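Coordinates in review
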Amino acid sequence: MSEFLEKGWIKFPHDPVLSNWVEQVLPSAKTSVSDPAHAEWHDCEGTWFIGVDALDNDARGRVAGSAVLSGSAIEFVENHYGRLDLHKGQVSIIYPGYPRPRRGEGEAAARYRANRDAAHVDGLKPMGPNRRRQVDEPHAWILGIPLSEASADASPMVLWEGSHKVMGAAFKRAVAGVPAAQLGYTDVTEIYQSARREVFDTCPRIELPAKPGEAYLLHRHCLHGVAPWGENASAGPDGRMIAYFRPEFTGGVAEWIESP
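Residues numbered from 1 in each chain as written. Predicted model: local features only at pLDDT ≥ 70, side-chain atom pairs only at ≥ 80, totals over all residues. Heavy atoms only, no water.

With that settled, the discussion passes to the pattern of salt bridges. Under the defined criterion, the tally for this structure stands at 20 salt bridges. K30 is the partner of D238 in a salt bridge, and the nearest nitrogen-oxygen pair spans 3.3 Å. Remark: K30 occurs in helix α2 (residues 16-34) and D238 occurs in the loop between β11 (224-226) and β12 (240-245); sequence separation between them is 208 residues. The class of K30 is partly exposed, set by a relative accessible area of 36%. Between K88 and D56 there is a salt bridge, with its nearest N and O atoms 2.6 Å apart. Here K88, found in the loop between α3 (72-81) and β4 (90-94), pairs with D56, found in the loop between β3 (48-49) and α3; they are 32 residues apart in sequence, far enough to count as distant. On the basis of relative accessible area, K88 is assigned to the partly exposed category, the value being 36%. By relative accessible area, D56 is classed as exposed at 54%. Shared partners join several salt bridges into a network, and the residues in it are D43, R102 and R103. (Salt bridge = Lys/Arg side-chain N within 4 Å of Asp/Glu carboxyl O. Helix = DSSP H or I, 4+ residues; strand = E, 2+ residues; numbered from the N terminus. Buried < 20%, exposed > 50% of the residue type's maximum accessible area, 1.4 Å probe, protein only.)

This next bit is on the sheet that holds β3. One open sheet holds the seven strands; their spatial order is β1-β10-β7-β12-β4-β3-β2, and the pairing between them is antiparallel. The open sheet terminates on both sides in strands that have one partner only, identified here as β1 (9-12) and β2 (42-43). Alignment of β3 against β4, held across two bridges, turns out to be antiparallel. Bridge pairing links W48 to I94 in β4. (Pairing = 2+ DSSP bridges.)

Relative to strand β6 (residues 132-135), strand β5 (residues 124-127) runs antiparallel, the two being bridged by four bridges. The residue bridging K125 from the neighbouring strand is Q134, located in β6. Taking the residues that link successive antiparallel strands as the turn, the β5-β6 hairpin has four residues, and the phi of G128 there is positive, at about 75 degrees.

That is the geometry; function is a separate question.
What follows is the structure in structure tokens.
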């Protein structure tokens with residue numbers, strides 16, 4: 001745990017238990033891509049299936065009669081954060097040519113996606129007509145589970161090592177003195193953007209490719225994104241497919257701020 005808290009991320013080696021789960025849920029993940037209920041998640045001119053809530057799992061990670069989501073990665077998070085109910089997993093798929101602009105994305109945002117990997121901290125939602133950011137989803141952690149084979153340069157996860165310390169300190173400053181009931185309504189836009197610039201200047205950017213059977217865990221405050229599809233990158237017809245789980249703290253935004 002000390003390494004995770006220092007770096008803000010950890011990668012787990014191939015786990016036969018997790019590999020078995022991946023094999024069992026892969027058919028459902030593939031089916032989700034063509035499900036009309038998820039049509040809105042095809043974006044970036046066909047180069048990204050965002051796939052929010054696209055995996056039809058239960059609170060323990062079972063999908064269509066599969067095994068419970070288990071293995072060394074889940075044991076790690078449950079030992080340190082306790083057992084949290086899982087939401088329906090995200091099935092994030094990147095295809096050759098990523099990134100193209102998202103629907104409604106302006107020129108500046110498209111440049112940021114291409115040049116800065118669309119780097120962000122999960123759970124901060126732009127709210128209202130001025131799109132001011134608030135902590136809307138107090139995730140406990142972020143677990144990535146690759147579902148398909150892809151080359152290391154096929155739009156891997158990108159993170160800034162140690163960024164969780166910079167961002168976490170900034171969020172604490174942003175809500176200092178705010179009553180607990182108002183934490184989720186606090187505007188953190190400026191301090192978030194300032195901390196993000198500090199991260200770009202001071203924290204190393206790391207690409208984190210992984211294969212089915214492996215997994216990686218990110219600290220909830222870790223700045224992360226997705227690299228562009230490499231010039232010589234390769235993947236099968238299903239693209240670079242990863243399932244993501246981000247269960248929320250039962251203690252809400254206060255726990256999101258204060259927990260290690």
